[in-house]
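Reading the structure
If you want the building blocks of each chain, they are given just below.
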Amino acid sequence: MLTHRSSWVAADATLLIVEGTVIRLDIEHLPSGANPKPVWLWWSGTDATAADTDRLWQAYLRRFDIEHTFRLFKQTLGWTCRRSAGATASTTPSKP
(Lines give C-alpha, C1' and ligand atoms only; values in the text may rest on other atoms or scores of the structure.)
Protein backbone atom coordinates (compact mmCIF):
# COMPACT_ATOMS: atom_id res chain seq x y z
CA MET A 1 0.00 0.00 0.00
CA LEU A 2 1.25 3.46 -0.82
CA THR A 3 1.50 5.52 2.34
CA HIS A 4 3.36 8.74 1.61
CA ARG A 5 4.59 11.19 -1.03
CA SER A 6 2.09 10.02 -3.59
CA SER A 7 -1.07 11.28 -5.22
CA TRP A 8 -2.49 7.75 -4.97
CA VAL A 9 -2.67 7.62 -1.16
CA ALA A 10 -6.39 8.42 -1.11
CA ALA A 11 -7.29 6.01 -3.94
CA ASP A 12 -10.17 3.74 -2.97
CA ALA A 13 -9.85 1.35 -5.89
CA THR A 14 -7.18 -1.25 -6.45
CA LEU A 15 -4.23 0.26 -8.28
CA LEU A 16 -3.41 -1.05 -11.73
CA ILE A 17 -0.21 -2.98 -12.32
CA VAL A 18 1.81 -1.50 -15.15
CA GLU A 19 4.31 -3.92 -16.62
CA GLY A 20 7.60 -2.66 -17.89
CA THR A 21 11.35 -2.81 -17.58
CA VAL A 22 13.48 -0.73 -15.23
CA ILE A 23 17.02 -0.20 -16.47
CA ARG A 24 19.89 1.07 -14.32
CA LEU A 25 22.75 2.70 -16.18
CA ASP A 26 26.03 3.02 -14.32
CA ILE A 27 28.25 5.74 -15.72
CA GLU A 28 31.99 5.07 -15.55
CA HIS A 29 33.16 8.69 -15.63
CA LEU A 30 31.93 12.19 -16.44
CA PRO A 31 33.86 14.74 -18.51
CA SER A 32 33.67 17.20 -15.60
CA GLY A 33 35.26 14.71 -13.21
CA ALA A 34 32.18 14.77 -10.94
CA ASN A 35 31.04 11.67 -9.10
CA PRO A 36 28.60 9.90 -11.46
CA LYS A 37 25.24 8.74 -10.14
CA PRO A 38 23.27 5.90 -11.70
CA VAL A 39 20.57 6.80 -14.23
CA TRP A 40 17.28 4.92 -14.01
CA LEU A 41 15.17 4.46 -17.13
CA TRP A 42 11.73 2.88 -17.42
CA TRP A 43 10.52 1.26 -20.61
CA SER A 44 6.99 0.02 -21.23
CA GLY A 45 8.31 -3.11 -22.94
CA THR A 46 9.09 -6.29 -21.06
CA ASP A 47 11.98 -8.73 -21.47
CA ALA A 48 14.49 -6.15 -22.70
CA THR A 49 17.46 -7.57 -24.57
CA ALA A 50 20.96 -6.11 -24.60
CA ALA A 51 20.17 -4.50 -27.98
CA ASP A 52 17.02 -2.90 -26.50
CA THR A 53 19.03 -1.53 -23.59
CA ASP A 54 21.61 0.02 -25.93
CA ARG A 55 18.88 1.58 -28.06
CA LEU A 56 17.05 2.96 -25.01
CA TRP A 57 20.02 4.72 -23.39
CA GLN A 58 21.08 6.15 -26.76
CA ALA A 59 17.53 7.47 -27.29
CA TYR A 60 17.66 8.99 -23.79
CA LEU A 61 20.93 10.77 -24.62
CA ARG A 62 19.51 12.13 -27.88
CA ARG A 63 16.41 13.44 -26.14
CA PHE A 64 18.55 14.99 -23.39
CA ASP A 65 20.71 16.73 -26.02
CA ILE A 66 17.69 18.03 -27.94
CA GLU A 67 15.95 19.37 -24.82
CA HIS A 68 19.05 21.16 -23.60
CA THR A 69 19.74 22.59 -27.07
CA PHE A 70 16.26 24.13 -27.19
CA ARG A 71 16.68 25.40 -23.63
CA LEU A 72 19.92 27.12 -24.68
CA PHE A 73 18.22 28.64 -27.75
CA LYS A 74 15.33 29.94 -25.65
CA GLN A 75 17.70 31.49 -23.11
CA THR A 76 19.83 33.05 -25.85
CA LEU A 77 16.77 34.54 -27.55
CA GLY A 78 15.32 35.72 -24.25
CA TRP A 79 12.20 33.59 -24.56
CA THR A 80 12.49 32.43 -20.96
CA CYS A 81 12.43 35.94 -19.49
CA ARG A 82 9.35 37.01 -17.59
CA ARG A 83 7.53 39.93 -19.16
CA SER A 84 6.35 42.64 -16.84
CA ALA A 85 2.78 43.95 -17.02
CA GLY A 86 4.13 47.47 -17.52
CA ALA A 87 5.95 46.53 -20.72
CA THR A 88 2.89 44.76 -22.09
CA ALA A 89 0.60 47.63 -21.19
CA SER A 90 2.87 50.20 -22.82
CA THR A 91 3.02 48.34 -26.14
CA THR A 92 -0.70 47.59 -26.31
CA PRO A 93 -2.68 50.39 -27.93
CA SER A 94 -5.44 51.73 -25.77
CA LYS A 95 -9.03 51.58 -27.02
CA PRO A 96 -11.08 54.79 -27.00
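Above this note sits the structure.
This structure is a prediction, so every number in the text was calculated from the model and none was measured.

1. Describing the overall build of the protein chain
Helix and strand counts for the protein chain come out as 2 helices and 2 strands. Going from N to C terminus, the protein chain has its helices and strands arranged as β-β-α-α. Classification of the 96 residues of the protein chain by burial places 7% in the buried group. Here the analysis covers contacts within the protein chain between residues at least 6 apart in sequence; of these, 25% occur between residues at least 24 apart. Total accessible area computed for the protein chain in this model is approximately 9200 Å², and 58% of it derives from carbon and sulfur atoms.

2. Digging into a nonpolar patch on the surface
A contiguous nonpolar surface patch, about 700 Å² in accessible area, is contributed by Ile66, Phe70, Leu72, Phe73, Leu77 and Trp79. Residue position: Phe70 is located in helix α1 (residues 50–77).

3. Some thoughts on the side chain of Asp52
With respect to the secondary-structure elements, Asp52 resides in helix α1. The contacts of Asp52, once residues within four sequence positions are left out, are Trp43 and Asp47.

What counts and how
Residues numbered from 1 in each chain as written. Predicted model: local features only at pLDDT ≥ 70, side-chain atom pairs only at ≥ 80, totals over all residues. Heavy atoms only, no water. Helix = DSSP H or I, 4+ residues; strand = E, 2+ residues; numbered from the N terminus. Buried < 20%, exposed > 50% of the residue type's maximum accessible area, 1.4 Å probe, protein only. Contact = heavy atoms within 4.5 Å. Areas by Shrake-Rupley, 256 points an atom, 1.4 Å probe, with all protein chains shown as cover. Patch = residues over 30% accessible without salt bridge, like charges linked within 9 Å, V, L, I, M, F, W, Y side chains within 5 Å. Salt bridge = Lys/Arg side-chain N within 4 Å of Asp/Glu carboxyl O.

By themselves, these observations are geometric and do not establish any function.
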